[in-house]
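The chain contents come next:
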Amino acid sequence: MTNKLSHLNDQGEINMVDVSSKSQSIREATASGKVVMAKETFKQIQLGNTPKGDIIATAKIAGIMAAKQTSNLIPLCHPLPLQKIAVVITGNEQLACYDIEVTVKTKAETGVEMEALTAVSVAALTIYDMAKAIDKSITITDIKLVSKRGGKSDYLSL
């Protein structure tokens, strides 16, 4: 790990990293998160018995849209051409939660970790938004980078 923050120039001022000298390569990142709720809320979502419609389908679309808007939301992110955005939301009845996993892929000069993390975050927020009428105690937790491939280094969380 380097001790220098890449978004600061030599004078300590904020700047967008210059990636123009990097060559394009295939880069992929996967992020995950969890949305925990009351068992009754989970059952209602599974049955499609909620006031706002199909929560899971809407959350998947929201995740895809969020990945595509990351550079508009995170100030120093580069806009990237995204070739793949896969949002998987899996229900866990035992724990009354939904596990969200998003994989984003590009061929560019910089990685897609922020796009994957943003997509998970917005998908989770969408589940909360659509179910808050029946359960305001829903908790969003464990949002993290799972893996990253391409560029200078690969990463796999433990």
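Scroll up to find the structure.
Residues numbered from 1 in each chain as written. Predicted model: local features only at pLDDT ≥ 70, side-chain atom pairs only at ≥ 80, totals over all residues. Heavy atoms only, no water.

K.L.:
A description of the pattern of salt bridges should follow, citing residues and the corresponding values.
P.N.:
All told, the structure shown has three salt bridges when counted by the stated rule. With its nearest N and O atoms 2.6 Å apart, the salt bridge here joins Lys34 to Asp99. In this pair, Lys34 is assigned in strand β1 (residues 25-36) and Asp99 in strand β3 (residues 97-108), connecting sequence segments 65 residues apart. By relative accessible area, which is 25% here, Asp99 ends up partly exposed. (Salt bridge = Lys/Arg side-chain N within 4 Å of Asp/Glu carboxyl O. Helix = DSSP H or I, 4+ residues; strand = E, 2+ residues; numbered from the N terminus. Buried < 20%, exposed > 50% of the residue type's maximum accessible area, 1.4 Å probe, protein only.)

K.L.:
Before we move on, could you go through helix α2 (residues 55-68) and cite the residues and values that matter?
P.N.:
Every α-helix winds through 3.6 residues per turn, so residues three or four apart in the chain are directed the same way. Over its 14 residues, α2 runs 20 Å from end to end, which matches the ideal 20 Å to within 8%, given 1.5 Å per residue. For α2, the full list of buried residues reads Ile55, Ile56, Ala59, Ala62, Gly63, Ala66 and Ala67. Down the axis of α2, the buried set is contained in an arc of 130°. They therefore lie on one face. Opposite the packed face of α2, turned more than 90 degrees from it, sit the exposed residues Ile61, Met65 and Lys68. Buried residues belonging to α2 abut α1 (39-47), α3 (70-73), β2 (82-92), β3 and α4 (113-131). Two or three places before Ile56, at the start of α2, stands the capping residue Asp54, its side-chain oxygen 3.3 Å from that residue's backbone nitrogen. (Expected span 1.5 Å × (residues − 1). Arc of directions from axis to C-beta. Contact = heavy atoms within 4.5 Å. Polar contact = N/O pair within 3.5 Å; in protein donor to acceptor, adjacent residues only side chain to side chain.)

K.L.:
Please give an account of a nonpolar patch on the surface that cites residues and values.
P.N.:
Among the surface-exposed residues, Leu125, Ile140 and Ile143 lie close enough to one another that they form a single nonpolar patch of about 230 Å² accessible area. Its place among the elements puts Leu125 in helix α4. (Patch = residues over 30% accessible without salt bridge, like charges linked within 9 Å, V, L, I, M, F, W, Y side chains within 5 Å. Areas by Shrake-Rupley, 256 points an atom, 1.4 Å probe, with all protein chains shown as cover.)

K.L.:
Which residues make up the side chain of Thr103, and what values do they have?
P.N.:
With respect to the element layout, Thr103 can be found in strand β3. Within the local environment of Thr103, its side chain forms a polar contact with the side chain of Thr30, the two groups lying 2.9 Å apart.

K.L.:
Outline the packing of α2 against α4, listing residues and values.
P.N.:
Where α2 meets α4, the closest approach of the two axes is 7 Å, and the angle between their N-to-C directions is 145°. For the pair α2 and α4, the sense of crossing is right-handed. Along the contact surface, α2 presents Ile55, Ile56, Thr58, Ala59, Ala62, Gly63, Ala66 and Ala67, while α4 presents Glu115, Thr118, Ala119, Val122, Ala123, Thr126, Ile127, Met130 and Ala131. Taken together, the residues that form the contact of α2 with α4 break down as 12 nonpolar, four polar and one charged. (Axes fitted to C-alpha atoms, helices over the stretch in contact; angles between N-to-C directions. Left-handed = near helix turned anticlockwise from the far one by under 90°. Nonpolar A, V, L, I, M, F, W, Y, C, P; charged D, E, K, R; others polar.)

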